[in-house]
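# Structural overview
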Amino acid sequence: MRLLPHEVLGFSVRNMKILVSGSTGTVGTHLLNSIPSDSYEVWRLVRSRVEGENLIFWDPDGGHVDDLSLLEGFDAVVHLSGENIVCRWTEKKKNSIRRSRVHSTRYLVNLFSGLQNPPKTFICASAIGYYGDRAEERLAEHSAAGSGFLPDVCREWENEANRASDLGVRVINLRTGVVLSPEGGILSSLLPLFKRGLGGVIGSGGQYLSWISIEDLSRVIIYLLEHGEVNGPVNAVSPNPVTNRQFTAALASVLRRPAWFSIPAFAVRLFFGEMGRSTMLAGSMVFPEKLLSSGYEFLHEDLDCALESVILR
């Protein structure tokens, strides 16, 4: 018998009205499919005018929302919007990445300030890119931000979200690691190569990859909705980060394919530019200290089990 997310987590979910942005993305789609409909009233903040129930149209770039009164009285807002960063970073693209995160969050918090009943909780996506390339340094929520484009964007992103605390809103900055899902992100890009036996180590293979399964990420969000004692930055990563070499071996093993090829660092820098240097060749060893200390129990702590679950399900 399949357990609902709140049954797996081991707590009782009360009725809760939540609003989700970015609901058509990989994480948003999985989250909406995981939330028990008998315990949550879910609304979606959408950028396209589509037919459906519980939809609120907004245009953060144009500074418009159809009906501000519809934002009144939510128990929580989960803000997952953000443009994909996996591409070559031109200056135009970098501005677009920053705007999709920083400006949309600023606009959303500005909307909160115009409400008589702003949300009680604001869970805003962030990323472990906050820490930058930190080699083998053990990183937790109290660790300082790194330097470079991604850390700068994450810092600005979180600063905008934190303004909601001035309105009495509980703010959580969800610093998400590499999300393992066949529907999006790095895994969906790697699967076709690895299935053909063309996978391999990137660069030295020693750079750390801090990951989380898509199932655990949805469970973490639901857990944070229900645990009001947790606030501030939260690292949404497995407690067992791995190197790129270890990740390559695990993925090849689960798929029962060889992984003899490799991508040298100079090729990554040549073809992917700053994005490749900042993501593919960089690494950070991040730990979920807040989640563990608050009592969260991971569904997937082990990489092999996580890959088997998301790929072979």
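This text goes with the structure placed above it.
Here's what I pulled together on the structure shown here. (Residues numbered from 1 in each chain as written. Predicted model: local features only at pLDDT ≥ 70, side-chain atom pairs only at ≥ 80, totals over all residues. Heavy atoms only, no water.)

## Points about the overall build of the chain
Per the secondary structure count, the chain includes 10 helices and 16 strands. A compact globule built from 313 residues should have a C-alpha radius of gyration of about 20 Å, and the chain, at 19 Å, falls within 12% of that. For the chain, the C-alpha atoms occupy an extent of roughly 60 × 50 × 40 Å along the three principal directions. Among the 313 residues that make up the chain, the fraction classed as buried is 52%. Per element, the accessible surface of the chain, about 14300 Å² overall, is 50% carbon and sulfur. (Helix = DSSP H or I, 4+ residues; strand = E, 2+ residues; numbered from the N terminus. Rg over C-alpha atoms; globule rule 2.2 N^0.38 Å. Buried < 20%, exposed > 50% of the residue type's maximum accessible area, 1.4 Å probe, protein only. Areas by Shrake-Rupley, 256 points an atom, 1.4 Å probe, with all protein chains shown as cover.)

## Points about a negative patch on the surface
Where like charges cluster on the molecular surface, the negative patch consists of Glu297, Glu301, Asp302, Asp304 and Glu308. In this structure, Glu301 sits in the loop between helix H9 (289-294) and helix H10 (303-312). (Patch = residues over 30% accessible without salt bridge, like charges linked within 9 Å, V, L, I, M, F, W, Y side chains within 5 Å. Salt bridge = Lys/Arg side-chain N within 4 Å of Asp/Glu carboxyl O. Lys, Arg positive; Asp, Glu negative; His and termini not counted. Charge placed at Lys NZ, Arg CZ, Asp CG, Glu CD.)

## Side note on the pattern of salt bridges
Evaluated as defined, the whole model comprises 13 salt bridges. The partner of Glu160 in a salt bridge is Arg106, and the shortest N-O contact between them spans 3.1 Å. Residue Glu160 is found in helix H4 (residues 149-162), and its partner Arg106 is found in helix H3 (residues 91-113); the two are separated by 54 residues along the sequence. For Arg106, a relative accessible area of 33% puts it in the partly exposed group. Each of Glu91, Lys94 and Glu274 takes part in a single network of salt bridges with overlapping partners.

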